[in-house]
Amino acid sequence: MKSKNDIENDLSIPLKDSNVEWNLYVYKKRYKNKIINRYDVYKIDTINIDTLYSDIYAYIIKNFLNTFEICDYSSEMPKDKIGFIDLQKEDHILKYGLILLDECIRTYTHFASKDLALHGYILECDINGQTYMKVLSSSNPIKYYHHKYSLILSNRFTELTEPILSLNISCDCIIFNDYALFFSGKAESIF
């Protein structure tokens with residue numbers, strides 16, 4: 001198991017490296033016999049994620065690494081622990097889910113639907129063309145508002161008719177190449 005200092009160093013690398021590329025994907029889980037058998041993955045190309053990750057990093061350090069103990073993941077874990085999963089072990093519990101998720105990310109389509117109910121989003125960090133980590137959230141990032149108005153432009157209220165992209169600084173889990181961290185019980189529902 002990695003130490004808190006090692007994890008903090010791993011989390012800080014995307015903030016320091018100049019060859020970082022971020023990808024944002026949203027996903028919908030598809031089930032067969034009550035088991036996830038695929039993810040519909042859609043890529044969103046239009047935003048800058050660098051500052052968002054800086055906020056996510058600060059949130060994780062303050063609210064998790066500086067507060068909770070890290071322990072081996074178990075489905076009965078208390079809420080005041082961070083679950084650690086060693087992905088180098090041949091029989092780790094995320095093996096099937098990660099293979100399926102990675103395969104679906106490789107075959108993504110571009111996001112175009114206005115009426116799609118999503119299950120969450122993935123921020124993928126690539127460094128020098130290689131996937132370094134994935135930040136996963138089980139929160140639907142696309143918000144639809146009816147009878148809501150905005151005062152953003154021209155000092156007039158304008159009805160919100162388009163979906164709004166809303167990304168949280170909290171996340172449910174982070175997956176590196178050799179380990180995963182579960183920050184909430186919702187992380188289980190992703191896989």
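Before reading on, note that the structure itself is shown above.
Enquirer: Can you help me understand the overall build of the protein chain in this one?
Expert: Scanning the protein chain from terminus to terminus reveals four helices and 13 strands. Taken over C-alpha atoms, the radius of gyration comes to 18 Å for the protein chain, in line with the 16 Å a tight globule of 191 residues would show. Considering only contacts within the protein chain whose residues lie at least 6 apart along the sequence, 62% involve residues at least 24 apart. Only carbon and sulfur atoms are counted for the fraction: they give 49% of the accessible area of the protein chain, which is about 11,000 Å². Between the centroid of the 22 positive side chains of the protein chain and the centroid of its 26 negative side chains there is a distance of 7 Å.

Enquirer: I'm lost on the pattern of salt bridges in this one. Help?
Expert: Where charged atoms from two side chains of opposite charge approach closely, those side chains can pair. Inspection of the entire model under this criterion finds nine salt bridges. The partner of Asp 178 in a salt bridge is Lys 2, and the shortest N-O contact between them spans 3.9 Å. In this pair, Asp 178 is assigned in the loop between strand 12 (173–176) and strand 13 (179–182) and Lys 2 in the segment before helix 1 (4–16), connecting sequence segments 176 residues apart. Of the residues examined, Asp 178 reaches a relative accessible area of 24% and is grouped as partly exposed. Of the charged contacts in the structure, one is a salt bridge between Glu 124 and Lys 134, with a shortest N-O distance of 3.9 Å. Separated by ten residues along the polypeptide, Glu 124 in strand 6 (residues 120–127) and Lys 134 in strand 7 (residues 130–137) bring together distant segments of the chain. Comparing Glu 124 with Lys 134 shows no difference in burial state: the two are buried. Bridged by salt links that share partners, the residues Lys 2, Asp 10 and Asp 178 form one connected network.

Enquirer: Just to check I follow, could you spell out the pairing of strand 13 for this structure?
Expert: One face of the sheet, then the other: side chains in a regular strand alternate in exactly this way. The two faces of strand 13 match: Tyr 179 and Leu 181 on one face and Ala 180 and Phe 182 on the other face are all buried. Pairing analysis gives four bridges linking strand 4 (residues 81–86) to strand 13, with the strands arranged antiparallel. In the strand pairing of strand 13, Gly 83 is matched with Phe 182. Inspection of the sheet shows strand 12 paired to strand 13 by three bridges, in the antiparallel sense. Looking at the pairing, Ile 175 lines up with Ala 180 of strand 13.

Analysis parameters
- For every chain, the first residue of the written sequence is number 1, and numbering continues from 1 onward in sequence order.
- Note on the predicted model: pLDDT of at least 70 is required for a residue's local features to be given, and 80 or more for side-chain atom pairs to be given and counted; whole-chain, interface and lining totals, by contrast, use all residues.
- To get the side-chain values, all heavy atoms of the structure are used, and hydrogens and water are removed first.
- Helix and strand labels come from DSSP, where a helix needs a run of H or I of at least four residues and a strand needs a run of E of at least two; each type is numbered from the N terminus.
- C-alpha atoms define the radius of gyration, and 2.2 Å times the number of residues to the power 0.38 defines the globule rule.
- In what follows, residue pairs with any heavy atoms lying within 4.5 Å of each other are defined as contacts.
- In this description, accessible areas are obtained by the Shrake-Rupley approach with a 1.4 Å probe, and a residue is regarded as covered only by the protein chains that are shown.
- The charge count treats Lys and Arg as positive and Asp and Glu as negative. His and the chain ends do not count.
- Here the site of a charge means atom NZ of a Lys, CZ of an Arg, CG of an Asp or CD of a Glu.
- Counted as salt bridges are all cases of a side-chain nitrogen of Lys or Arg within 4 Å of a carboxyl oxygen of Asp or Glu.
- The buried label applies to any residue whose accessible area, calculated with a 1.4 Å probe on protein chains only, is under 20% of its type's maximum; exposed applies above 50%, and partly exposed to all values in between.
- For two strands to be treated as a pair, DSSP must find no fewer than two bridges joining them.

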